[in-house]
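# Topology and contacts: notes
Next come the chains, spelled out residue by residue.
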Amino acid sequence: MTLTVSAVIATYNRAPELRIALTRLMAQTTPPVEILVIDDGSSDGTDAMMQSEFPTVRYVRQPHNGGLILARNFGFVNTTGDCVLSVDDDSWFVEPDGLERCVAHLEANPDVAAVACNIETRDGLVYFPKGAAPFDVPWYVGCGHLLRRSAVAAVGLYMPELYRQGEEKDRCLRLLGAGHRVVALPEVMVYHDKSEKGRKPGLERFYNHRNDLIREVARCPAGMLPRRFLRSWVGNSWKNLRHGPRLTDLKVLLALPEILRIGLKHRAPVDEAAYRRWLELAATAAPASAPQARHRATPAPAGAPSPARPD
C-alpha cells in the first residue's frame, strides 16, 4: 500500500517565499494528499495571498506568534497522512520526484522513522555529500524531512518549551531510543532560500545553547548526565566566544533555573546504548558538519560520510 503524505508548512511574514514553496510542492510528481499552512500571525498579506492564489490549500492563521515548534505540533495533530512532510516557507524540492523518492524509501524500510533530505542553501552550503548512498544520521533538518506518523506518534510531539531550534535533535534521539532509524537521502535535494526575514543570529545562538542543555537534562542517562551537561555547556560557550555576541553565555546562565525545570519536567532518558549510538552519529554523520558539509566535485564513497566534529 502506498503511504499517503500530509505536508505542513509554518510561515511568518514571508508571503513571496511561501508562494514559491507552495507552487513547487504542488508540482511534485506525487504531491501531498493535503497541505496545511500554519500562519504564525503574519501581517504582510499572507492571508489574502492564500485565499486568492491557493484556495485548495488548508490555511490556518494563528491569532499571535506562538513559535515554529508550536506551529509544527499543530500541523502534526491536525493532518491525517501516513507520513508528514515538513518544508519551510522558503524551501522546496529541487527535482519534481523528490517527495516520491522519500516516500519510496519509507515504504521499503519499515525500521526508518524519518528521512532527511539533502539541503543546499543560497550561500552554497550542501549538508551531505552529493552522490552518497543513504546512511544513518543523528537528526534531520527542519526545512526538508519526511516523518512516519506512527513512529512519531509513539514517541510524542516536539517539546513546546524549546520554542525554536533543537527540536529535531530531541525527537530523533527519542526515535533512536525507540529502536527506529533516521536516514539521510543525499540525492534528494531541497533548496533552502534561507530568507533573512525573522532571523536574529544572537537569538538563534541563545536557543541553540539553551535547548541543547534542556535536551541533555531530559534525555541523557543518569550516569552520563553530569559530564554531558558540562560538555554541552562548554562546547556551546566556545562557539559563542568565537561568533558572539558575548552576552549569550550570561543569558544562558540566567536561564539555568528554567533549563532545569523544563528538562526535569520532560525527563525520560533513553537507554545508554541508544544515547551512545546517537553521539556516534553526531560525531560522524551530522547534517552540515565540517568537513562533509561543502559540495565537492568528487562524491564521497557510498555510505561513508566524512568524519565531523561532535555536536
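Here, every reference points to the structure presented above.
Read on for a plain summary of the structure. All of these numbers come straight from a predicted model, not from anything done at the bench.

## Remarks on the overall build of the protein
- Along the backbone of the protein there are eleven helices and nine strands.
- Contacts in the protein between residues at least 24 apart in sequence constitute 79% of all its contacts with a sequence separation of at least 6.
- Approximately 13400 Å² of the protein is accessible, and the part contributed by carbon and sulfur atoms is 58%.

## Here's the deal with the pattern of salt bridges
- Evaluation of the coordinates by the stated rule reveals 26 salt bridges.
- For Arg19, the salt bridge goes to Glu53, with nearest N and O atoms at 2.8 Å. Of this pair, Arg19 sits in helix α1 (residues 15–26) while Glu53 sits in helix α2 (residues 46–53), placing them 34 residues apart in sequence.
- With relative accessibility at 33%, the residue Arg19 sits in the partly exposed group.
- Where salt bridges share partners, they join Asp111, Asp136, Arg181, Arg277 and Glu280 into one cluster.

## A closer look at α1
- End to end, α1 covers 16 Å across twelve residues, agreeing with the expected 16 Å (1.5 Å per residue, within 8%).
- Taken residue by residue, α1 has Ala15, Glu17, Leu18, Ala21, Leu22 and Leu25 as its buried positions. What you see down the axis of α1 is that its buried residues fit within an arc of 150°, all on one side.
- Against the buried residues of α1 lie β1 (5–11), β2 (34–39), α2, β4 (83–87) and β5 (91–93).

Rules used in this analysis
Residues numbered from 1 in each chain as written. Predicted model: local features only at pLDDT ≥ 70, side-chain atom pairs only at ≥ 80, totals over all residues. Heavy atoms only, no water. Helix = DSSP H or I, 4+ residues; strand = E, 2+ residues; numbered from the N terminus. Contact = heavy atoms within 4.5 Å. Areas by Shrake-Rupley, 256 points an atom, 1.4 Å probe, with all protein chains shown as cover. Salt bridge = Lys/Arg side-chain N within 4 Å of Asp/Glu carboxyl O. Buried < 20%, exposed > 50% of the residue type's maximum accessible area, 1.4 Å probe, protein only. Expected span 1.5 Å × (residues − 1). Arc of directions from axis to C-beta.

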